[in-house]
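Architecture at a glance
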Amino acid sequence: MPHVITQACCNDASCVFACPVYCIHPSPDEPDFATAEMLYIDPDSCVDCGACVRACPVDAIYPDTQLPEKQLPFVEINRSYYPERPEGVKLPPTSKLAPVLPAAEVHQRGKYPLTVAIVGSGPAAMYAADELLTQPGVLVNMFEKLPTPYGLVRAGVAPDHQQTKLVTRLFDEISWRRGFNFFLNVEVGADVSHADLLDYHHAVLYASGALHDRRLEIDGMGLPGTGTATEVVGWYNGHPEFTGLPIDLSHERVVIVGNGNVALDVARVLTRDPNELAHTDIADYALAAMRDSKIQEVVIVARRGPIDSAFTLPELVGLTQAADVVLDAEDHARVRNDLATVRDTFTRQKLEILAKLGDASAPITRPRIRFAYELTPARVLGEEHATAIEFTRTGTDQVRRLDAGLVLTSIGYHGTPIADLPFDDAAGVVPNEGGRVIDPTTGQRIPGAYVTGWIKRGTNGFIGTNKSDSLLTIHTLAADYNAGLLGEPKGGPRSVARMVHARKPDVVDAAGWKAINNAEKARGAAEDRPRVKFTRTADMLDVVEDQHKDLPLLQNLLGALRRR
Ligand code: NAP
C-alpha cells in the first residue's frame, strides 16, 4: 500500500532523504521545492517501507489504508503531483536516493572551537543549530527575547493545528545536544548588543524572523475594532506581547482583508466550536472570549479573483472540513469562469473545492466563513469604533460596503529591522548574499554577521522550508570560518555566560525552560490539554525562580560557580 503525505506536511524534506527509492518530491535540489505547498509521494513508486513515516517530524505520513477520514483528499493530491503514465512505470528512473547537500564541514582553527550566537529560536534558528552541531566541537549559544523558545511554532501555529507543533520534539532533541546553550529572556539589541555578541563568538546568526504584519494604509485603520490578523494570532496563542490586546468578539461579523493561510487560520479559530478549542493549548483568556463570542460570520476578502487565491490547497482542504464555508452567487460565477481557463493542477483542485461550497444566501446555522473576491479595500467606517469597511470592486469605482465590528488586515508579515545591521525596508529583509550580511552602500560583507529564515529570504514558505535555507547559510558561515575570515572570540564559553548574567541576571537557561515546559504540561494534563500556557513573562520567571529554590544548595552553588 502506498504512503500518503497529509495536511500537516512541514516541507523539511526529512522524508525525501529517508526514502530508499526517491519517490518523494520535490526534493530540495529540484526547482519547485521553494514554492511547493507540500511534498508528495508517488503512489506507483512507493515500496511501502515506512521509512518516511519514521523520518517525518510532524507525523504527517500514513499508509493509505490507515488514513484518517479527513485526510482522504490527500490520496489524490499526492498522486496528482506526478504525470499520468502507463501502469507499472516508476518515477524517477535515474536515482535510488535523493541527492544530499553535503554537511558544512568545519575545520577547527585558533584558540576556541567555532562558537556561533544564534538570535531567535524559531524553526530557522533550530535548523541552523542542528546543522552546526553536526560538526564536532562546535558551540551554539541561542538567544531569545522570551523565556520560552521555538518562535512561531509556539506563538504562530494555530492552536487547532497541534500536529504541526509536534516539530518541537525535534527541536527539543536539538537543544539537548552537546554544545548547545539557551540564553532565553535576553533581548539582543536591548540587554546585549550585536557588538557584545561578536566579542564572544566567531559569528552572530540572526534568525529573528518577522513578528509583525505589513500594514494597510487606508483611512480608519487604527480605530478601535481594527487590527491585524497576526496580532490576533499572537493573542490567541498567548504571546506575552499580545495578551493585553482588546480583541472584541462582541460583533456578529469580522472582515479579514487578504486571503493567505494566516487569514484562514484566524477565520477558522474565530468560528470554531470553543469546546473543540478547549482541548488545545489556546490561551485561557482567548478561550473564555471565544465562549462569549457573538461572531456569526468571518468574511475573507481578496482583491483579486479565485484563481489567484493566496491560501494553499492543503489549508483549504482543512478549512472546509473544519467550518461551514460559503460564497456569494457572483463569486461562484467567478470560480466557474476561472475553472474554464485554469491550467495548473493544484489551482484547479482549489477551484473545484471552491465550486462545491454552499451559497451565502443560505441561513446561518453556526458561525461560518465566507470568501469574497475582487474587492480592493478603500476605508474603514466608524466614529468611535469600526462599524464597516468599504471596498471598490477591483478595477472599477463601484463601491461595496461590508458591515463589521472587527476589521483585520492579513496582508503578509514584514521582517523586523535588527539593531546595528542594514535593512531593506521594501523587501523586509536584511541585505545578504547566501546568508552573509552585506552593507548595501559598499557592497562589502559585514564581518561575522549572518541571517537565515524569513529575515533572510522574506516571509514565505513553511516550517521545514527553513531547513534547507539554514543549511545554505551554515555552508556560507563555515566557508568564511574555514577561510579565516571570522574574528577570534575574546574568551571561552564561560565568559559568554558571565557577560550575559551580568547584563541580564534573570536569563533563563535550558533547565529554566524545562521547568516552564513541565509546569505548563502539568497544568494541561489536569484539563486533558497538551499544555496550559503561561502568558505573562513574570509568571514564567516565577516558575524558573521556584525551580532554583527546589534545587539542592550544592547544585545551585555549582551553577553559580560555572557562570563565574
Ligand atoms: P500571504 O500568503 O502572502 O497572503 C497575503 C494576502 O494579502 C494575499 O491575499 C494578498 O493579495 C493580500 N494583500 C497584500 N497586499 C494587499 C493590499 N494592499 N490590499 C489587499 N490585499 C493585499 O501572507 P500570509 O497569509 O501572512 O502568509 C505568510 C506565509 O506564511 C505564507 O508563505 C503562508 O503560506 C505561510 N503560512 C502557512 C501556514 C500553514 O501552512 N498553515 C499558516 C500561516 C502562514 P495578492 O495575492 O493580491 O497580493
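Structure first, text after, so check above.
As a starting point, this report considers the structure included with it. Keep in mind that this is a model prediction, so the values were computed, not measured.

Regarding the side chain of Glu-390
Along the chain, Glu-390 turns up in strand 17 (residues 388-393). The exposure class of Glu-390 is buried, given its relative accessible area of 15%. Setting aside residues up to four positions removed in sequence, Glu-390 forms contacts with Thr-376, Pro-377, Ala-378, Arg-379, Leu-381, Val-399, Arg-400 and Arg-401.

Digging into the nonpolar core
Ranked by internal contacts, the top residues of the largest apolar core, which has 76 residues, are Ile-5, Ile-24, Leu-39, Ile-118 and Phe-171. Take this core: its biggest share by element is 7 residues, from helix 4 (residues 123-132). Contact partners of Ile-24, with chain neighbours within four places excluded, come to Ile-5, Cys-15, Val-16, Cys-19, Leu-39, Tyr-40, Ile-41, Cys-52 and Tyr-82. Core analysis: the second largest hydrophobic core is formed by 45 residues, Val-232, Met-290, Ile-295 and Val-325 among them.

Details of the pattern of salt bridges
Here the structure, examined in full by the defined rule, presents 38 salt bridges. One salt bridge connects Glu-520 with Arg-531, and the closest N-O pair in it is separated by 2.7 Å. A residue pair is termed long-range when its members are at least 10 positions apart, and Glu-520 in helix 18 (residues 510-525) and Arg-531 in the loop between helix 18 and helix 19 (537-550) qualify at 11 residues.

Digging into the site of the ligand
Of all residues adjacent to the ligand, which total 23 residues, the nearest are Asn-259, Asn-261, Val-262, Arg-303 and Arg-304. A distance of 3.0 Å separates an oxygen atom of the ligand from a polar side-chain atom of Asn-261. In this structure, an oxygen atom belonging to the ligand sits 3.4 Å away from a main-chain N or O atom of Ser-410. Burial of the ligand by the protein chains amounts to 79% of its free accessible area of 920 Å². Looking at the shell around the ligand, the element that brings in the most residues is helix 9 (residues 261-271), giving 3 residues.

Observations regarding the sheet that holds strand 17
Pairing in this open sheet of 3 strands is antiparallel, and the strands run 16-17-18 from one edge to the other. The open sheet terminates on both sides in strands that have one partner only, identified here as strand 16 (375-381) and strand 18 (399-403). Strand-to-strand twist across the sheet, computed as the mean angle between neighbouring axes with direction ignored, equals 30°. Sheet analysis places strand 16 next to strand 17, joined by 6 bridges and oriented antiparallel. Bridging across to strand 17, Thr-376 finds its partner in Thr-392.

Re helix 8 (residues 229-236)
Judged by how many residues are buried, helix 8 sits mostly within the fold: 8 of 8 residues are covered. Burial in helix 8 covers these residues: Ala-229, Thr-230, Glu-231, Val-232, Val-233, Gly-234, Trp-235 and Tyr-236. Of the residues flanking the end of helix 8, it is Gly-238, one or two places downstream, whose phi is positive at about 75°.

What counts and how
Residues numbered from 1 in each chain as written. Predicted model: local features only at pLDDT ≥ 70, side-chain atom pairs only at ≥ 80, totals over all residues. Heavy atoms only, no water. Helix = DSSP H or I, 4+ residues; strand = E, 2+ residues; numbered from the N terminus. Buried < 20%, exposed > 50% of the residue type's maximum accessible area, 1.4 Å probe, protein only. Contact = heavy atoms within 4.5 Å. Core = buried A, V, L, I, M, F, W, Y, C linked by side-chain atoms within 4.5 Å. Salt bridge = Lys/Arg side-chain N within 4 Å of Asp/Glu carboxyl O. Near = heavy atom within 4 Å. Polar contact = N/O pair within 3.5 Å; in protein donor to acceptor, adjacent residues only side chain to side chain. Areas by Shrake-Rupley, 256 points an atom, 1.4 Å probe, with all protein chains shown as cover. Pairing = 2+ DSSP bridges. Axes fitted to C-alpha atoms, helices over the stretch in contact; angles between N-to-C directions.

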